[in-house]
Amino acid sequence: MRNTRTLTRRAALTATAVTAVLVLAACGNDSDSASSKHQGHSSASSSASADATTAAHNAQDVSFAQGMIPHHQQALEMAKLAADRASSAEVKDLAARIEKAQDPEIQTMSGWLKSWGKDVTTSDSSMESMPGMEHSAHSDMPGMMDSKDMDELEKASGADFDTMFLTMMIEHHKGAIEMATTEKDKGKYGPATSMSDGIITAQTAEITEMNKLLGKN
């Protein structure tokens, strides 16, 4: 009798152990499967997100960034001249604010173009290896100064510089507002249309300020 009971007990324990092993194996497989599915989903989501970012722009967005970068660069060049040529503290302050606002925007737009696989355009004034070509390639853009204008501004100083700087920058701002308005109306990329809205607001206010400094308001 005792032998029979012992055998029965051993058989039961063996069956239990086998069952436990099978359950653990099944759980492991389910976990691996779930993990694999999760990784696959994450990978697909990341890819879809990247594709969406790349696709969420149109030709107008590219044109806006490629045009506004050299436009801003010329504004910075004009603003930097004010530091040691302007006689008015108000003009110097305005020039410093223009630099502070537009330089980061150049960096941002350059980043967009690189992410889209497009060329990053620059002002011709940085092309030192091509004398005589300064500003010529972009002079047909709204508000852009030509080489003669920039040469005259660079030679001016004191009150003459202040008047010339304000007059030229008003026209320059008007050109930027025109370009930004086109982007706002026709662009697709959210950050670009948002930037264009900011440019319109800020530069419209600065035009009013510059007209006051010229005694026109």
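Here, every reference points to the structure presented above.
Okay, so let's go over this structure. Computed from a predicted model, the values in this text were never measured in an experiment.

1. A short note on the pattern of salt bridges
(1) Moving on: Overall, the coordinates contain five salt bridges when judged by the stated rule.
(2) Moving on: A salt bridge links Arg85 to Asp84; the nearest nitrogen and oxygen atoms lie 3.1 Å apart.
(3) Moving on: Looking at Arg85, the relative accessible area reads 21%, which means it is partly exposed.
(4) Moving on: Residue Glu171 pairs with Lys174 through a salt bridge whose shortest N-O separation is 3.7 Å. With Glu171 and Lys174 both in helix α5 (residues 158-186) and three residues apart, this pair spans about one turn of that helix.
(5) Moving on: Each of the salt bridges in this network shares a partner with another, and the network as a whole consists of Asp93, Arg97 and Glu209.

2. Details of the packing of aromatic side chains
(1) Moving on: One pass over the full model with this rule turns up four aromatic pairs.
(2) Moving on: Aromatic side chains Trp116 and Tyr189 sit 5.1 Å apart centroid to centroid with 85° between the ring planes, which places their arrangement in the edge-to-face category. Here Trp116, found in the loop between α3 (89-115) and α4 (147-155), pairs with Tyr189, found in the loop between α5 and α6 (190-213); they are 73 residues apart in sequence, far enough to count as distant.
(3) Moving on: On the basis of relative accessible area, Trp116 is assigned to the buried category, the value being 8%.

Parameters and conventions
Residues numbered from 1 in each chain as written. Predicted model: local features only at pLDDT ≥ 70, side-chain atom pairs only at ≥ 80, totals over all residues. Heavy atoms only, no water. Salt bridge = Lys/Arg side-chain N within 4 Å of Asp/Glu carboxyl O. Buried < 20%, exposed > 50% of the residue type's maximum accessible area, 1.4 Å probe, protein only. Helix = DSSP H or I, 4+ residues; strand = E, 2+ residues; numbered from the N terminus. Phe/Tyr/Trp six-rings, centres within 6.5 Å; stacked < 30°, edge-to-face > 60°.

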